[in-house]
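Okay, here's what each chain looks like letter by letter:
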Amino acid sequence: MTLEAVLAALHLVAILTFVVFLSSQAALCRIEWLNAAVVERLARLDLICGVAGAVMIGSGLARVLWGVKGASWYLSQPLFHIKITIVLAMVVLSFVPSVAFRRWRHTVRSTGALPDAFEVARVRRLVMIQSHVLPVVAVIAVFWARGW
């Protein structure tokens, strides 16, 4: 039971960390607020968000493999598959902002030029999609925990 509690706690802390830093990205990724310091901060936030996401997925996988319920229980649950599909879609979606933040940081460091408004809006839209899809995952988890 201690392993189950540790894995659940790690999973929850990773989820909350991911939410905080994804929300920070969404708040800062605005053309009217963008300057060199914000570009640097966005790249750092993205790194932290990526680490939190990896810990979230890793701890979730650990719960499937070593948790009390066992892999056969998880794999037999339709909501588990929906939740994993949504999370994987978010992972794929997150690559575009991650690459953009790193490219922006490189450009700012080398030339001092900021990205144009269209690119910032495009990247912000992807971050906002992730931010709005994440609560859907939480709702699925709540229904799943109650036997749906």
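Everything numeric here is computed off the predicted structure, so don't read it as measured data.

Draft legend 1. Representation of the environment of Val 108 within the structure. Along the chain, Val 108 turns up in helix 4 (residues 78–110). Overall, the relative accessible area of 12% leaves Val 108 in the buried class. Considering only alpha carbons, one finds Val 108 and Val 39, 69 residues apart in sequence, at a separation of 7.8 Å. Setting aside residues no more than four positions away along its own chain, Val 108 makes contact with Ala 36, Val 39, Ala 113 and Leu 114.

Draft legend 2. Inspection of the packing of helix 1 (residues 2–28) against helix 2 (residues 36–66) at higher detail. The contact between helix 1 and helix 2 brings their axes to 8 Å, and the two run at 155°. Overall, the two elements helix 1 and helix 2 adopt an arrangement that is roughly antiparallel. The two elements helix 1 and helix 2 meet at a crossing, and its hand is left-handed. For the contact of helix 1 with helix 2, the class distribution of residues is 20 nonpolar, seven polar and four charged.

Draft legend 3. Representation of the packing of aromatic side chains. Per the stated rule, a full pass over the model turns up six aromatic pairs. Summarising the aromatic geometry, the rings of Phe 101 and Trp 104 are spaced 5.5 Å apart at their centres and angled 75° between planes, so their arrangement reads as edge-to-face. With Phe 101 and Trp 104 both in helix 4 and three residues apart, the pair spans about one turn of that helix. Residue Trp 104 is classed as buried on the basis of its relative accessible area, which comes to 3%.

Draft legend 4. Quick peek at the pattern of salt bridges. As enumerated under the stated definition, the model contains five salt bridges in all. Residue Glu 4 pairs with Arg 63 through a salt bridge whose shortest N-O separation is 3.4 Å. Of this pair, Glu 4 sits in helix 1 while Arg 63 sits in helix 2, and the two are 59 residues apart along the sequence. We classify Arg 63 as partly exposed; its relative accessible area is 21%.

Draft legend 5. The arrangement of the side chain of Ser 98 in detail. Secondary-structure assignment places Ser 98 in helix 4. A distance of 2.8 Å separates the side chain of Ser 98 from the side chain of Asp 46, its partner in a polar contact.

Draft legend 6. How the structure looks around the packing of helix 4 against helix 5 (residues 117–145). The N-to-C vectors of helix 4 and helix 5 enclose an angle of 160°; their axes lie 9 Å apart at closest approach. Viewed along their axes, helix 4 and helix 5 adopt a mutual orientation that is roughly antiparallel. Helix-helix and strand crossings are classified by hand; for helix 4 and helix 5 the assignment is left-handed. The residue makeup of the contact of helix 4 with helix 5, split by class, is 25 nonpolar, two polar and four charged.

Draft legend 7. View of helix 4. Over its 33 residues, helix 4 runs 49 Å from end to end, which matches the ideal 48 Å to within 8%, given 1.5 Å per residue. Its axis deflected by about 25° at Ser 94, helix 4 carries its strongest bend there, up to four residues before the proline Pro 97. Among the residues of helix 4, those classed as buried are Leu 79, Phe 80, Lys 83, Ile 86, Val 87, Met 90, Pro 97, Ser 98, Ala 100, Phe 101, Trp 104 and Val 108. Count one or two residues on from helix 4 and you reach Gly 112, which has phi positive near 85°.

Draft legend 8. Representation of the layout of surface pockets in the model. Counted as a void, the largest pocket has a volume near 1,000 Å³. Elements supplying a minimum of two residues to the lining of the largest pocket: helix 1, helix 2, helix 3 (71–75), helix 4 and helix 5.

What counts, and where the lines are drawn
Residues numbered from 1 in each chain as written. Predicted model: local features only at pLDDT ≥ 70, side-chain atom pairs only at ≥ 80, totals over all residues. Heavy atoms only, no water. Helix = DSSP H or I, 4+ residues; strand = E, 2+ residues; numbered from the N terminus. Buried < 20%, exposed > 50% of the residue type's maximum accessible area, 1.4 Å probe, protein only. Contact = heavy atoms within 4.5 Å. Axes fitted to C-alpha atoms, helices over the stretch in contact; angles between N-to-C directions. Parallel < 35°, antiparallel > 145°, perpendicular 65-115°, else oblique. Left-handed = near helix turned anticlockwise from the far one by under 90°. Nonpolar A, V, L, I, M, F, W, Y, C, P; charged D, E, K, R; others polar. Phe/Tyr/Trp six-rings, centres within 6.5 Å; stacked < 30°, edge-to-face > 60°. Salt bridge = Lys/Arg side-chain N within 4 Å of Asp/Glu carboxyl O. Polar contact = N/O pair within 3.5 Å; in protein donor to acceptor, adjacent residues only side chain to side chain. Expected span 1.5 Å × (residues − 1). Bend = angle between axes of the 7 residues up to and from the residue. 1 Å grid on protein atoms, 1.4 Å probe; cavity = no way out; pocket = protein on both sides within 12 Å on 5 of 7 lines; lining within 4 Å. Points joined across faces, edges and corners; volume = space filled by probe spheres on them.

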